Amino acid sequence: MTPDPEQQLQALFAAGDPAARVDERMTQRVAARLAERPHSTWHLGWARAVTVGLVLVSSAGLGAAAVFVAKKELAPAKAPAPVTVTTAKAPLAPRPPDPVALEAQLVREALEALQRGDLELAGARLDQRQEQFPDGLLQAEADAVRARCGR
Amino acid sequence: MRVLSEAQPLAGTLDAVAAPRFEAVYREHAMTVARWVARLGGPLLDVEDVTHDVFVKVQRELPKFRGDAQLTTWLFTMTANTVRTRRRTEAFRRLFRAPSDDALDVADESALAPEQLERRDAERALYRVLDKLAERDRQVLVLFELEGRSGREVAELLQVKEEAVWVLRHRAKARFAKHMQEEVRS
């Protein structure tokens, strides 16, 4: 006899209910944490994610700027500058380098080199990061990449 | 509501953190919020950590609560938003996870009792399917199927009409069943 799909569904939900992990002791621990630290500590991880995102976006922006500059140098003198590119370049004015962004850039390059199978370059980038940012925010990520390099 | 200032001493109780109102909210709703976090977040989120974050926000926002909605509705919205943000970020952070971290998870699991392992497997199986659903479908199924709430309660929490909530449930279940079949086939 084919089991009733509704019953199957109920059984699946009953067996996999993660609220079974929640108990009074957990809420007591949360209360103690609220008393101790009435603010979120999650922003540290979030800051990392934002940093990596910013690095990716800024890399793309720098790439676009490089393409624009190259095109401008190669283009005939009389050619009018494309308006859209000019507007896109406005926010790309040089900013003082952010140490976290630089650190993230090195980790990202190491990860990309690892994905290409270039273990030498990946290791070199990680060593560079370690040397320049011994107490950097991305230590865990760098360690993870290093572990994958087998170094 | 009295908010803790730096000048106030930090005692080890909630009285040191905020006014009786927050304390009352916490005492009455902490378990409910923690269950929502567990059920909306699934096995990948740290329930304790996210529950803490929800109540940090509750503590901050409670003075602005005007009673336009039920307190439970307000808490549910805050919990759902916090969980959604954490799930997205967790997915992003997992891109940086090395295979060695997964190996550590496996090592941790070896310390679990057989029934705990079974439960964890069941949780993961359920959330492999739930994770494929849209946020609203997931919320509807969690409130109806896991929490066992009535249509009226679900409508209040999701701030929709009661008739609409039955349609949402029907569609969510259909989509769940479809993804479930795909999961079984794969």
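Since the structure is predicted, the reported quantities are computational estimates derived from the model, not experimental observations. (Residues numbered from 1 in each chain as written. Chains lettered and ligands numbered in written order. Predicted model: local features only at pLDDT ≥ 70, side-chain atom pairs only at ≥ 80, totals over all residues.)

## Thoughts on the overall build of chain A
Working step 1: Summing up its helical and strand segments, chain A has seven helices and zero strands in all.
Working step 2: Starting at the N terminus and walking to the C terminus, you meet the elements of chain A as α-α-α-α-α-α-α.
Working step 3: Split into buried and exposed, the 151 residues of chain A put 21% on the buried side.
Working step 4: Residue pairs at least 24 apart in sequence account for 65% of intrachain contacts in chain A once pairs closer than 6 positions are excluded. (Helix = DSSP H or I, 4+ residues; strand = E, 2+ residues; numbered from the N terminus. Buried ≥ 20, exposed ≤ 12 C-beta atoms within 10 Å, placed from the backbone. Contact = placed C-beta atoms within 7 Å.)

## Quick look at the packing of helix 2 (residues 47-61) of chain B against helix 3 (residues 71-93) of chain B
Residue and element names in this part refer to chain B.
Working step 1: Packing of helix 2 against helix 3 leaves a shortest axis separation of 10 Å and a crossing angle of 130°. Taken as axis vectors, helix 2 and helix 3 run oblique relative to one another. At the point where helix 2 passes helix 3, the crossing takes the right-handed sense. Every residue of helix 3 that contacts helix 2 at Val50, Asp53, Val54, Lys57 and Val58 is listed here: Leu75, Met78, Thr79, Thr82, Val83 and Arg86.
Working step 2: For the contact of helix 2 with helix 3, the residue count by class is six nonpolar, two polar and three charged. (Axes fitted to C-alpha atoms, helices over the stretch in contact; angles between N-to-C directions. Parallel < 35°, antiparallel > 145°, perpendicular 65-115°, else oblique. Left-handed = near helix turned anticlockwise from the far one by under 90°. Nonpolar A, V, L, I, M, F, W, Y, C, P; charged D, E, K, R; others polar.)

## Digging into the confidence of the model for chain B
If pLDDT is low for a region, its predicted coordinates should not be looked at in detail.
Residues and elements named next belong to chain B.
Working step 1: Mean pLDDT over chain B: 81, with 80% of residues reaching 70 or higher.
Working step 2: Mean pLDDT across the elements of chain B bottoms out in helix 4 (residues 99-109) (54) and peaks in helix 7 (residues 151-158) (94).
Working step 3: Taken over the whole predicted complex, pTM reads 0.59, whereas the ipTM for its chain interfaces reads 0.72. (pLDDT = per-residue confidence, 0-100.)

## Section: the confidence of the model for chain A
Residue and element names in this part refer to chain A.
Working step 1: With 68% of its residues at a pLDDT of at least 70, chain A reaches an overall mean of 75.
Working step 2: Looking at the elements of chain A, mean pLDDT is at its lowest for helix 4 (residues 83-89), recorded as 48, and at its highest for helix 6 (residues 119-132), recorded as 90.
Working step 3: pLDDT under 50 marks residues 85-89. Its contacts with residues more than four places away, or in other chains, come to five contacts.

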